[in-house]
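# Chain and residue survey
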Amino acid sequence: MTIPGNGTVAAVVLAAGGGSRWSGPGHKLLADLDGRPLAAHAIGAAAAAGLDELVVVTGPVDLSAIIPEGATVLHNGSWSQGQAGSIRLAVEHAKRAGHAAIVLGLADTQPLPSREAWAVLCERNREH
């Protein structure tokens, strides 16, 4: 989706957390939710929204099996220092790519927003 006069918009899914508060088996991002890994829901919805680029920021967990082909993967080697580093990586990438904006989502706490929700956020940005 292009913002008229301003440029393009990237969907960014933050998936670099350590899952330190998760008490279930395995890593939280790979925990089963309706037959799919938790992170696959958020990544899939962001991909389906049709924004100009899908960016997934990863950390300690290998998510390659659930990241769609063509997505940009940014690895945050400093993931243990907090979410700000992942956001910084995404913003720096968006600037280099020439995007006017990003729509940001979390892979572990936002598994259910639909592709329409991602697109609405992009549309709201167009209005401002």
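Look above for the structure.
Note that the coordinates shown come from a computational prediction; the quantities given were computed from them, not determined experimentally. (Residues numbered from 1 in each chain as written. Predicted model: local features only at pLDDT ≥ 70, side-chain atom pairs only at ≥ 80, totals over all residues. Heavy atoms only, no water.)

## Describing the overall build of the protein
From N to C terminus, the protein includes three helices and seven strands. Each helix and strand of the protein, ordered N terminal to C terminal, gives the series β-β-β-β-α-β-β-α-β-α. Here the protein holds 128 residues, and the buried ones make up 41% of them. A sequence separation of at least 24 residues applies to 67% of the contacts in the protein between residues at least 6 apart. When the accessible surface of the protein is totalled, it reaches about 6900 Å², and 51% of it is carbon and sulfur. (Helix = DSSP H or I, 4+ residues; strand = E, 2+ residues; numbered from the N terminus. Buried < 20%, exposed > 50% of the residue type's maximum accessible area, 1.4 Å probe, protein only. Contact = heavy atoms within 4.5 Å. Areas by Shrake-Rupley, 256 points an atom, 1.4 Å probe, with all protein chains shown as cover.)

## Topic: the environment of Ala49
For Ala49, the location among the structural elements is in the loop between helix H1 (38-48) and strand E5 (53-58). Overall, Ala49 belongs to the buried group, its relative accessible area being 7%. Remark: the alpha-carbon pair of Ala49 and Ala11, spanning 38 residues in sequence, is separated by 8.3 Å.

## Brief notes about the side chain of Thr72
Within the secondary structure, Thr72 sits in strand E6 (residues 72-75). Only 2.5 Å separates the side chain of Thr72 from the side chain of Glu53, close enough to count as a polar contact. Look past the residues within four positions of Thr72 in its chain and what remains in contact with it is Glu53, Leu54, Val55, Val56 and His93. (Polar contact = N/O pair within 3.5 Å; in protein donor to acceptor, adjacent residues only side chain to side chain.)

## Here's the deal with the pattern of salt bridges
The full count for this structure, using the stated rule, is one salt bridge. Lys28 serves as the salt-bridge partner of Asp108, at 3.7 Å between the closest nitrogen and oxygen. Of the two residues, Asp108 is situated in the loop between strand E7 (99-106) and helix H3 (115-127) and Lys28 in the loop between strand E2 (7-15) and strand E3 (32-33); the sequence distance between them amounts to 80 residues. (Salt bridge = Lys/Arg side-chain N within 4 Å of Asp/Glu carboxyl O.)

## A look at unusual backbone geometry
At Asp34, a position not held by glycine, the phi torsion is positive, near 55°. Mapped onto the secondary structure, Asp34 falls in the loop between E3 and strand E4 (36-37). The exposed category is assigned to Asp34, whose relative accessible area is 67%.

## Description of helix H2 (residues 83-97)
In an α-helix, one turn spans 3.6 residues; hence positions three or four apart end up facing the same way. Across its 15 residues, H2 extends 21 Å between first and last C-alpha, which sits within 8% of the 21 Å expected from 1.5 Å per residue. If you follow the buried residues of H2, they end up packed against E2, E5, E6 and E7. Where H2 ends, the next residue or the one after it, Gly98, has phi of about 85°, a positive value. (Expected span 1.5 Å × (residues − 1).)

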